[in-house]
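One letter stands for each residue in the lines below.
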Amino acid sequence: MRASVSSDPKGSLDRHTWIELNARAYRHNIGHFRKRIPSRTRICVAVKANAYGHGLREMVRISREFVGIDWFAVHTLQEAKEVQDTAPTHPVLILGYVPLRALHRAVRPGVRLTVWNPETVHALSSQAHVRGLLVPVHIKLETGTNRHGVHAEDITAFVRLIDALPGIKLEGLSTHYANIEDTTDYSYARHQTEILFGVRNQLHDMGHTDLMVHSACSAAALLFPATHLDMIRIGISAYGIWPSKETLVSASSLPGFEPLRPVLTWKARLSQVKSVPEGQFIGYGCTYRATRSTLLGIVPVGYSEGYPRHLSGRAHALFHGQRAPLRGRVCMNIIMVDLTDVPDAHIEAPITLIGHDGDERVTATDLAALCGTIPYEILARLSPAIPRIIT
Ligand SMILES: *Cc1c(COP(=O)(O)O)cnc(C)c1O
């Protein structure tokens, strides 16, 4: 067993829990895409949901420091503002809905909206027009996911409307795949891409010859060069996590396969280490009874910090390069781990909840599997209150 790589990065010493963001891993992941896409294809990183739980401001700050990231995608107007506070010169694409009465605040240089309904287009136009500004918009095309989007048969009328209104300008055409992470059968994604290409040609004939066309999320960008187009919109893979097992399986058979590197590590400090005699119960509900004299570590994080309660009695944390099983239920702000078999447990020692320590690793994907969910959800629910430290 290799020695523990646990260390105390600057800024963590007075924290009971913290998230470390590995800027080099992030740079590696962005480089992974930069090498594989045409030079004209932009990279847009999705930083919605607090940058998938990593910390929006911190991830934008890291992004700003190296070339390779061209755009950011967010869900809300508030997130767009937060991006612009940190990276004022990067274009920001709002993917989500902005209520009609908030649209005046979306009229800001650098911000572009995704649109799919005439009400938004009308309201945005009048807000932009009175202020003498021109807001770029991207049409979300419905190709079979049936979330937001304009059906292909309604596109001509929608584009004519945008073209006729002052204050707005059609800049892009986008769609989003329904069935690309959950399968190794990509026929549905191909079908959606064909619809996108058909509409692209149609808009070309209407005079929109320099539209930005984009459809690729991580899985598409990793597996299908035909979807790279004018921009890729990558989220989970930029943070070093595979969108799914199926994506990893498909990608690992491609030539030049390279692993991604997780950016996020989540740690906490032991707040107590104590012996629990054999036969005693541990935690709420008395669900676990010590089967031996146990050295128990108390860790001051729980489900309110984003450690799912469903992991009760199932997951492991990492301590000194070894796996330490959870005992009893996950509480609101506390979990308990069995440290009987690991050396050197003492108060304030760092313990890893997500990340690696020596040769052992606990990934967001591992925790997701134990919870019956996807790594996106595990990451997105990490509390924004946890301090983020860039390493
Ligand atoms: C979140 C999101 C993405 C990024 O998806 P990943 O699977 O995380 O790469 C791309 N496009 C849209 C519309 C999204 O909402």
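What counts as what
- Residues numbered from 1 in each chain as written.
- Predicted model: local features only at pLDDT ≥ 70, side-chain atom pairs only at ≥ 80, totals over all residues.
- Heavy atoms only, no water.
- 1 Å grid on protein atoms, 1.4 Å probe; cavity = no way out; pocket = protein on both sides within 12 Å on 5 of 7 lines; lining within 4 Å.
- Points joined across faces, edges and corners; volume = space filled by probe spheres on them.
- Domains from an automatic or database assignment.
- Buried < 20%, exposed > 50% of the residue type's maximum accessible area, 1.4 Å probe, protein only.
- Helix = DSSP H or I, 4+ residues; strand = E, 2+ residues; numbered from the N terminus.
- Pairing = 2+ DSSP bridges.
- Contact = heavy atoms within 4.5 Å.
- Buried area = accessible area lost by both parts, 1.4 Å probe.

Brief notes about the layout of surface pockets
Right, so step 1: A volume near 1,000 Å³ is recorded for the largest pocket.
Right, so step 2: Lining the largest pocket are 44 residues, and of these Glu181, Ile236, Pro243, Ile374 and Tyr376 lie nearest its centre.
Right, so step 3: If you count residues domain by domain, the lining of the largest pocket takes at least three from each of domain 1 (5-13 + 263-390) and domain 2 (23-252).

Brief notes about the pairing of strand β15 (residues 294-299)
Consecutive side chains along a regular strand alternate between the two faces of the sheet.
Right, so step 1: Across the six residues of β15, five count as buried, placing the element largely inside the fold.
Right, so step 2: Here strand β12 (residues 272-276) runs beside β15; their pairing, made up of five bridges, is antiparallel. Along β15, the bridge assignment pairs Ser275 with Leu295.
Right, so step 3: As paired elements, β15 and strand β18 (residues 335-338) share four bridges and run antiparallel to each other.

Some points on the environment of Ile374
Right, so step 1: Inspection of the secondary structure assignment puts Ile374 in the loop between α11 (364-371) and α12 (375-380).
Right, so step 2: The partly exposed category is assigned to Ile374, whose relative accessible area is 45%.
Right, so step 3: Along the primary structure Ile374 and Ser244 are separated by 130 residues, whereas in three dimensions their C-alpha atoms are 7.7 Å apart.

Re the domain arrangement of the protein
Right, so step 1: Here the domain parsing of the protein yields domain 1 (5-13 + 263-390) and domain 2 (23-252).
Right, so step 2: A separation of 36 Å is found between the C-alpha centroids of domain 1 and domain 2.
Right, so step 3: Listed as interface residues are 11 residues of domain 1 and, on the opposing side, 21 residues of domain 2.
Right, so step 4: Buried area between domain 1 and domain 2, summed over both chains or domains, comes out near 1,300 Å², and the portion from carbon and sulfur atoms is 70%.
Right, so step 5: Considering only the side of domain 1, the residues that lose the most area to domain 2 are Val263, Tyr376 and Ile390, jointly responsible for 52% of the buried surface there.

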